[in-house]
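# Structural characterization, general
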Amino acid sequence: MLQIPVSLLTLVAGITVTLFSIWVGQHHSLLPVQASEQAPLVDNFFNIMVAIATALFLVVEGTIIIFLVKFRHRRGDDTDGVPIEGSFALEVFWTAIPTIIVICLGIYSVDVYTQMGGIKPRNSEQIAGNLNKSGTAIAATLSDEGGDSLQTKALKSPTIGITGENNKKADLVVDVTGMQFAWIFNYPESGITSGELHVPVGTKVKLNIAATDVIHSFWVPQFRLKQDAIPGIPTTLGFTATKTGTYPIVCTELCGGYHGSMRSQVVVHSPESFENWLLANATNTDKVTNTIALSPEEILTPYARELGVNADTLAAIHQ
Amino acid sequence: MTQTQLQSPELPVNHGAHPEKWKWYHYFTFNIDHKVIGIQYLVTAFIFYLIGGLMAVAMRAELATPDPDVVDPNLYNALMTNHGTIMIFLWIVPSAIGGFGNYLVPLMVGARDMAFPKLNAIAFWLNPPAAALLAASFYFGGGSQSGWTAYPPLSLVTAPTAQTLWILAIVLVGTSSILGALNFVVTIWKLKVPSMKWDQLPLFCWAILATSVLALLSTPVLAAGLVLLLFDLNFGTSFFKPDGGGNVVLYQHLFWFYSHPAVYLMILPIFGIMSEVVPVHARKSIFGYKAIAYSSVAICVVGLFVWVHHMFTSGTPGWMRMFFTISTLIVAVPTGVKIFGWVATLWGGKIRFTSAMLFALGLLSMFVLGGLSGVTMGTAPFDVHVHDTYYVVAHFHFVLFGGSVFGIYAGIYHWFPKITGRFLNETLGRIHFVLTFIGTLATFLPMHELGLQGMPRRVAMYDPQFMALNQICTIGAFVLGASVIPFFINVLWSWGFGRKAGDNPWNALSLEWTTSSPPAIENWETLPVVTHGPYEYGFNEEDGTSVKSGTAAEPSA
Amino acid sequence: MTIAPTTDTSHHEEHPDFRVLGLLTFLVSESLMFGGFFAAYLFYRGLADVWPPHETEVELILPTINTIILVSSSFVIHFGDAAIKKNDLKGMRKWYKITAGMGAIFLLGQVYEYLTLGYGLTTNIFSNCFYLMTGFHGLHVFIGLLLILGVLWRSRRPEHYNATKHIGIEMAEIYWHFVDIIWIVLFSLLYILTRF
Ligand code: HEA
Ligand code: HEA
Ligand code: CUA
Ligand SMILES: [Cu+2]
């Protein structure tokens, strides 16, 4: 009988595992539909990680199973295993391979994140600026205009979050406010206020996110994007929707008993139907003019239907 | 220290002051014997595991349907918060570090007790009041409801009384773990028998040493954060109140500076258990002793600089998200070194499929899966999608249940004969293993998909599209619940009537097996003398066996 | 593997006293708790445009005097430790008494400062930090003071401490130095840094 050499078997196994892992990476269909420009970036990255993880998992588990079968204890054998304490070459090998993998993943993730619009040179300047300003010497001279600089600081556009503005400024800005347990969307240009987010497809959108009470988190799974809404710290999220449709907006930061029901929708319109929506809702502008003056209950009631909560529940949770 | 002193009131070695053998009621007292304390830790921790597990079952029952019908959403949040808190602070940490650490470290290094026995007992007795505080938080305030992370401002506005009690409880267990940690550091460093060289120190002790250093460096920062939170809650300060000039993100930094290392506190001792169990039951020397020992230290150092990976969608600027992405990924390397070391240990062994070994092997598969999902979340671009979803819940149950709990079970099956002098029943052990293995996969595997598809965590009501997968999880949770029953019966029955084990039933080489089972009160009549390393299986040239009993130490007089 | 020589360790061997080592380990840990507070303080300071805010200027003269007292007490306590090493129990008691006195003056000074500052714990974020940090440190001074008093109490019996047996004295000293070092950092952060 012809003996198949071990090295050949290993090679075949290696190729099979690689091919299978790559296939799994492309066909796992674990993720929901892609509806933003960033989504394919994230998904491609995830697929690669799934492929690598599958390969590593199969190699480790496969090796274990082979060893378990091959080196199982047989009845009547009272001896111990072979006296080996280690192998420098092997240890270097299995330190080096993961190191290379994680370094590549690290570099790739920085690249993906930059493409998603998560890092901009402006960000780092601003941080440097902030640090400078807090330098005590300057702070002392600024102390008279303290009130002023606070004001300007608040007006500055938020720098935390994925802005999505690598090369182009946003065409549509929406102010998003999270509160227990609803999202309010305010269109500064047209003055519309709504309980749902409406955006035109293919347009760069920028959300300025704030929270009034506790931390919330704005997530659209189909966009693969998420950003916390933090009281006292303005944040931002930029995206371009690529597919018309209606997608859920989910609050993902625990914000109280009804955290689970803090949901809304983002409606991605074709450009024309977005115009129509704008026109149809232009009358809505003064519905919520001064959110601060109203109790959350009063603000929320008009949206109760959209939120899927009835007015009684709203009253109950805000007593 | 320049001055040492020969007579000290703290010394445990004091013949005649204790009975020959502890009676059952001694286990309910302020006892300073490290073995009694170890058992106290293990047993109380296991009771908390049952309580925390019942909370989990209640949660899973609620999640069987999309509507909040079984428990009220606020109660759900209280259950969720206390499930996490109990499992982490009153089950894994006390059993892995307090239980196994206290029982085994002095035995493994050849000491009669810990360096500070009284302090050790104090550290244990800080735990019951902490538990009482948690219980009180339910009675007086409906239980704290802001997650085990207790992020302000939510933690400042919901159930303030319960939150205050929760903070005090955590500060107590934190103090306990600091006191325990300093005790381990001094014990391992100074009480190792002189004949034991550093490279003959069992890997479990290396792991406990790394864990203790980590606990010493990170726990006080959590205490600082919690003190600030306590003042905000009760004394009108505004550290974390945005309208008073405070900053809510600062709390997250303080919290995760501790709580990321805390996850390594929960896995490093388990890695130590693995390094003891695998060689013994594979009859093979550990592969790469030095690499495994130093990788604990590497994990401990790198683990201090990765905390922002829990805050990738919070108030952190882009550069920070990138820096911590890279540091997080690096942790995979030393962890991989350990995993590969254990796998290589199997090569060329004579593997016995005892219950202890089954759980150790189960751990290998579960933990690798959980670790790999951890690496995917370590990258900011992807974490932005899955943060605070069931994907995270899946990850940490795979590492915490599939890792820590499996490891604790492996340790119990392995050392039960030493602790009680009797074997656990192997048949029941196998049933326990199979149920646990299937239950874990059924409960936590579908959660990956749930998270990726859009189900957030910490919700009592969810989108009906997720119902099918959630029901699988719920069924799995019941299987897990059932899995505890054979174990429980096994322990109770075997403790009293199990097969007698003898001093060294596994024919193992580390020092704890050189004394009687259960060990005498001061561990040895005559302290053992170390003549070879703890893993030299098969090194006896004549007959291919390990040198048998009496080889690791001089026979006792 | 070499066979180690059989040491005939008898049943009654005792291990040396590691309490000093334990204390040092504990203090490393403890200093990280202060580290957490310091980090928080610097974080707030970095965010603020004006630090400290107008209504909460700190006063400098009294705290400076207090600082000098506390820092010099560290030298005084060291004399006490040196004395007992020369078997001079009386000298030790004298120096420790002086240290205790200085510590008490420091605490009184602190209380006096609290009473005269004109703002309280809840005034603003600076005062939050100020009172929390100095208060927490004050608590440590108080504990240190109790330790010193404990040493003094025990040393009434002439045979309790001697040149070779004085761990308690040493531990009180180490703790006192720790409290002192923390104060120096605190003083720099809370007082000196607010002036520039
Ligand atoms: C025992 C506890 C434990 C352990 C060991 C780990 C290990 C790891 N964890 Fe996990 N984690 C938790 C417990 C744990 N975690 C908990 C409780 C939470 C949630 C907290 C909360 O929010 O409530 C959490 C959350 C959490 C997050 C935040 C997710 C989010 O909220 O968005 C992240 C992100 O980076 C993360 C990453 C990692 C990584 C990279 C590891 C690594 O250490 C894993 C390393 C292991 C391997 C990689 C596998 C074996 C290695 C190989 C086979 C070598 C080859 C591998 C490669 C080349 C990749 N964890
Ligand atoms: C080591 C830690 C540990 C362990 C062992 C577990 C064990 C389990 N956990 Fe988890 N869990 C956490 C740590 C842990 N958990 C943490 C840190 C969180 C986050 C909390 C937060 O978000 O703040 C969490 C959150 C968490 C959630 C998410 C909650 C949410 O986000 O809304 C869920 C949901 O399914 C869950 C389920 C379970 C289940 C089913 C088990 C099971 O394995 C339990 C099995 C045990 C038993 C079932 C009990 C014993 C059995 C009996 C007494 C017999 C009788 C019972 C029956 C026959 C049913 N846990
Ligand atoms: Cu808002 Cu959760
Ligand atoms: Cu972490």
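As the structure is a computational prediction, the values presented were derived from the model and not from experiment.

In this description, a pair of aromatic rings is defined by centroid distance and the angle of the planes. Residue and element names in this part refer to chain C. The final tally for this structure, using the stated rule, is 74 aromatic pairs over all chains. Between Phe34 and Phe38, the ring centres sit 6.2 Å apart and the planes meet at 35 degrees, which makes this aromatic pair tilted. With Phe34 and Phe38 both in helix H1 (residues 19-47) and 4 residues apart, this pair spans about one turn of that helix. Taken individually, Phe34 and Phe38 each receive the classification buried, so the pair is uniform in this respect. Ring geometry for Phe43 against Tyr44: centres 6.2 Å apart, planes inclined by 90 degrees, an arrangement best described as edge-to-face. For Phe43, a relative accessible area of 27% puts it in the partly exposed group. Assessed through its relative accessible area of 3%, Tyr44 is described here as buried.

Now for the sheet that holds strand S5 (residues 204-211) of chain A. Residues and elements named next belong to chain A. If you trace the 5 strands from one edge of the open sheet to the other, you get S3-S2-S1-S5-S8, paired in mixed fashion. The open sheet is flanked by strand S3 (192-194) and strand S8 (235-240), the only strands paired with a single partner. Mean inter-strand twist for the sheet, computed between neighbouring axes without regard to direction, equals 25 degrees. Pairing analysis gives 5 bridges linking strand S1 (residues 172-179) to strand S2 (residues 182-187), with the strands arranged antiparallel. Of the residues in S2, the one forming a bridge with Val176 is Phe185. Contacts from helix H7 (residues 271-281) reach S1, S2 and S3, with the element oriented near 95 degrees to S3.

Among the surface-exposed residues, Leu8, Leu11, Val12, Ile15 and Leu19 of chain A lie close enough to one another that they form a single nonpolar patch of about 480 Å² accessible area. Assignment of secondary structure puts Ile15 of chain A in helix H1 (residues 6-27).

With that settled, the discussion passes to the coordination of the iron atom of ligand 1. All names here are of chain B. Looking at the iron atom of ligand 1, one finds just one donor atom contributed by the protein, His395 (NE2), at 2.2 Å. The copper ion (ligand 4) is placed at 4.6 Å from the iron atom of ligand 1. Along the chain, His395 falls in helix H14 (residues 390-420).

Turning next to the coordination of the iron atom of ligand 2. All names here are of chain B. Protein coordination at the iron atom of ligand 2: the donors are His83 (NE2) and His397 (NE2), at 2.0 Å from the metal. Each of the 6 donor atoms around the iron atom of ligand 2 contributes to a set of angles spanning 86 to 180 degrees, which defines the coordination as octahedral. Within this pair, whereas His83 is found in helix H2 (residues 73-109), its partner His397 is found in helix H14, the two being separated by 314 residues in sequence. Under the relative-accessibility criterion, His83 is labelled buried at 11%.

Residue-level contacts link 81 residues of chain A with 94 residues of chain B. Here chain A and chain B share an interface that buries about 7100 Å² over both sides, 70% of which is from carbon and sulfur atoms. Three residues, Asp80, Trp94 and Leu254 of chain A, lead the burial of chain A against chain B; their summed loss comes to 10% of the area buried on that side. Remark: the boundary between chain A and chain B carries 2 salt bridges. Note that Arg263 of chain A and Asp463 of chain B form a salt bridge whose closest N and O atoms lie 3.3 Å from each other. Inspection of the region where chain A meets chain B yields 18 residue pairs in polar contact (both at pLDDT 80 or more). For the side of chain A that touches chain B, the secondary structure elements donating two or more residues are helix H2 (38-70), helix H3 (88-115), helix H4 (121-134), strand S6 (216-220), strand S7 (225-229) and strand S9 (245-251) of chain A.

One finds Leu197, Leu207, Phe218 and Phe223 of chain A together with Leu346 of chain B to be the most contacted residues of the largest nonpolar core, which totals 316 residues. In this structure, this core is formed jointly by two domains, domain 1 (6-69 + 89-115) and domain 2 (149-317) of chain A, each of which donates at least three residues. What Leu207 of chain A contacts, discounting residues up to four positions off in sequence, is Val174, Val176, Leu197, Phe218, Thr235, Thr236, Leu237 and Phe239 of chain A.

Now for the environment of Val105 of chain B. Residue and element names in this part refer to chain B. Looking at the element boundaries, Val105 is found in helix H2. Overall, the relative accessible area of 0% leaves Val105 in the buried class. Note: C-alpha distance between Val105 and Trp206 (101 residues apart in sequence) is 9.9 Å. Those residues in contact with Val105, other than ones at most four positions away along the chain, are Phe100, Phe184, Thr187, Ile188, Phe204, Cys205 and Ile208.

This brings us to the UniProt feature "transmembrane region" (unreviewed entry) in chain A. All names here are of chain A. The positions UniProt marks with the feature "transmembrane region" (unreviewed entry) are residues 7-25, 45-68 and 88-110. From the first C-alpha to the last, residues 7-25 spans 27 Å; its make-up is 100% helix and 0% strand. Secondary structure content for residues 88-110 is 100% helix and 0% strand, while the C-alpha to C-alpha distance between its ends is 33 Å.

Thresholds applied
- Residues numbered from 1 in each chain as written.
- Chains lettered and ligands numbered in written order.
- Predicted model: local features only at pLDDT ≥ 70, side-chain atom pairs only at ≥ 80, totals over all residues.
- Heavy atoms only, no water.
- Phe/Tyr/Trp six-rings, centres within 6.5 Å; stacked < 30°, edge-to-face > 60°.
- Helix = DSSP H or I, 4+ residues; strand = E, 2+ residues; numbered from the N terminus.
- Buried < 20%, exposed > 50% of the residue type's maximum accessible area, 1.4 Å probe, protein only.
- Pairing = 2+ DSSP bridges.
- Axes fitted to C-alpha atoms, helices over the stretch in contact; angles between N-to-C directions.
- Contact = heavy atoms within 4.5 Å.
- Patch = residues over 30% accessible without salt bridge, like charges linked within 9 Å, V, L, I, M, F, W, Y side chains within 5 Å.
- Areas by Shrake-Rupley, 256 points an atom, 1.4 Å probe, with all protein chains shown as cover.
- Salt bridge = Lys/Arg side-chain N within 4 Å of Asp/Glu carboxyl O.
- Donors = N, O, S within 2.8 Å, 3.2 Å for Na, K, Ca; no water.
- Tetrahedral: all angles 85-135°; square planar, octahedral: opposite > 155°, others 65-115°.
- Buried area = accessible area lost by both parts, 1.4 Å probe.
- Polar contact = N/O pair within 3.5 Å; in protein donor to acceptor, adjacent residues only side chain to side chain.
- Core = buried A, V, L, I, M, F, W, Y, C linked by side-chain atoms within 4.5 Å.
- Domains from an automatic or database assignment.
- UniProt positions renumbered as here; feature names shortened; annotations may be inferred.

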